[in-house]
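# Understanding the architecture of this molecule
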Amino acid sequence: MPAHAYRSALLHSLGDPADVGVAASYQYIADGLLLVEGGKITAMGDAAELLPTLPAGTPVERLDNALITPGFIDTHIHFPQTGMVGAYGEQLLDWLNTYTFPCERQFASPAHAEKVAGIFIKELLRNGTTTALVFASVHPESVDAFFTEAQRLDLRMICGKVMMDRNAPDYLTDTAQGSYAQSKALIERWHGKGRLHYAVTPRFAPTSTAQQLALAGQLLAEHEGLYLHTHISENPKEVEWVKALFPERSGYLDVYDHYQLLGPRSVLAHGVHLCDEECARLAETGSAIAFCPTSNLFLGSGLFNLPMAERHKLKVGLGTDVGAGTSFSILQTLNEAYKVMQLQGARLSPFKSLYLATLGGARALSLEDRIGSLQVGHEADFLVLDLAATPLLEYRLKQCNDIAETLFVLMTLGDDRVIERTVAHGQVVHRR
Ligand code: GUN
Ligand code: ZN
């Protein structure tokens, strides 16, 4: 791939504003240059300084009324739920039985899985998501379909087969030993291939026997660099159910802890009803929570306590959680995250939002050495945002006095229409 330079405003996160303060948490360059070569960022900085250093003949593309940011990172989403976004009327446990399980049943068909994998990945890229941690269905074929498409586009993606051996319809359950063998075969086929990683994926504590959770822990111990992806403490009835199913454990998190499922590549979705001790234990083990505001509001699950997570220095990423979540757009997810904070008398600053969508997500996935910012040497996964995507956005952004205000309005009014271009590993994978 020949070198290509983009001349544009550039914005990326350098750290969590909660740790380093707002001023040190980001870098904004009004007239910047981003040089991309061989799928990597090879230079970034002020255009005036970098232009004279470019090798003769390097094409320079000028982007006006645009902003380049890192690609967005979605730390929790379900690929087989693409066809059931916005299902009416239920909270978590009834929603699963009424809508989710019948929808996921269709993924027994490899042809169906292939079709939806194409739709799903296209939708991620249309919305500027370049990396996602993805639940497939219980069927290994669904993982093959997802990874085949992700590999074709050379994306950095993480996925795994659902492990689920009880408390679900017969048509959708596996067995402890069967799920171990199927997961192992998928790990051998996909983990570490190109930019792909495998996630051991027990759905949540209620749908796994103790034996299955123990085998999930065994898989993690047997292979380097695997992820653990599951749900935790999303809904009060779910939390009570886990206590009844595992009376020998001290609480929901202790179930996962006991089976050695926590660690720096473990991502647990929701955590709306965690207590202080559980947050402390998550932080101690380096595990991350995926904050899923559109889902938590849609299913009436509750309000995630981000300030509590910050107090414990717990890693937090942002999850759309489609199909309980109602949008593939990380911008719209931030719009709802802001409101979740408002309802708790707290704030979500524009730079904390940028952090959650990019570098914070990369840290939640322990991938911050490769993605999540525009640092030289990082993989060239970035977005061109169109600051005139709609007439209202164009007019509203003209009233903004600084990049903080611009960023906040982008997150309030913006969605897939703002994503003019998505670049992954240096290649354009979506253009509006
Ligand atoms: N808990 C267990 N399974 C699911 C799921 O598919 N979606 C959500 N939001 N929560 C879950
Ligand atoms: Zn989920």
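Preceding this section is the structure that the text describes.
Scope of this entry: the structure provided in the associated data block. (Residues numbered from 1 in each chain as written. Chains lettered and ligands numbered in written order. Predicted model: local features only at pLDDT ≥ 70, side-chain atom pairs only at ≥ 80, totals over all residues. Heavy atoms only, no water.)

## Overview of the coordination of the zinc ion (ligand 2)
Ideal donor angles around a metal are set by the shape: a four-donor tetrahedron calls for 109.5 degrees, a six-donor octahedron for 90 or 180 degrees. The protein atoms that coordinate the zinc ion (ligand 2) are His 76 (NE2), His 78 (NE2), His 231 (NE2) and Asp 321 (OD), at distances of 2.0 to 2.2 Å. Note that the zinc ion (ligand 2) binds 4 donor atoms; their angles at the metal cover 88 to 172°, and the shape is irregular. Accessibility expressed as a relative area gives 2% for His 78, which makes it buried. (Donors = N, O, S within 2.8 Å, 3.2 Å for Na, K, Ca; no water. Tetrahedral: all angles 85-135°; square planar, octahedral: opposite > 155°, others 65-115°. Buried < 20%, exposed > 50% of the residue type's maximum accessible area, 1.4 Å probe, protein only.)

## Topic: the pattern of salt bridges
Under the defined criterion, the tally for this structure stands at 27 salt bridges. For Glu 104, the salt bridge is made with Arg 203, and the minimal N-O distance between the two is 3.0 Å. Taken together, the positions of Glu 104 in helix H3 (residues 92–105) and Arg 203 in the loop between strand E9 (196–202) and helix H7 (210–222) put the pair 99 residues apart, joining distant regions of the chain. In this structure, Glu 104 and Arg 203 share a single accessibility class: buried. Lys 339 is paired through a salt bridge with Glu 336; the nearest N and O atoms lie 3.0 Å apart. A residue pair is termed a helical-turn pair when its members lie 3 or 4 positions apart in one helix, as Lys 339 and Glu 336 do in helix H13 (residues 330–342) at 3 residues. A residue is classified by how much of its surface remains accessible, and Lys 339, at 37% relative accessible area, is partly exposed. (Salt bridge = Lys/Arg side-chain N within 4 Å of Asp/Glu carboxyl O. Helix = DSSP H or I, 4+ residues; strand = E, 2+ residues; numbered from the N terminus.)

## What to know about the site of ligand 1
What surrounds ligand 1 is the set His 78, Gln 81, Leu 92, Trp 95, Leu 96, Arg 203, Phe 204, His 231, Glu 234, His 270, Asp 321 and Ala 324. The separation between a nitrogen atom of ligand 1 and a polar side-chain atom of Asp 321 is 2.8 Å. A total of 280 Å² of accessible area belongs to ligand 1 in isolation, and the protein chains cover 100% of it. The biggest single contributor to the shell around ligand 1 is H3, with 3 residues. Among the residues forming the shell around ligand 1, the class breakdown is 5 nonpolar, 4 polar and 3 charged. (Near = heavy atom within 4 Å. Polar contact = N/O pair within 3.5 Å; in protein donor to acceptor, adjacent residues only side chain to side chain. Areas by Shrake-Rupley, 256 points an atom, 1.4 Å probe, with all protein chains shown as cover. Nonpolar A, V, L, I, M, F, W, Y, C, P; charged D, E, K, R; others polar.)

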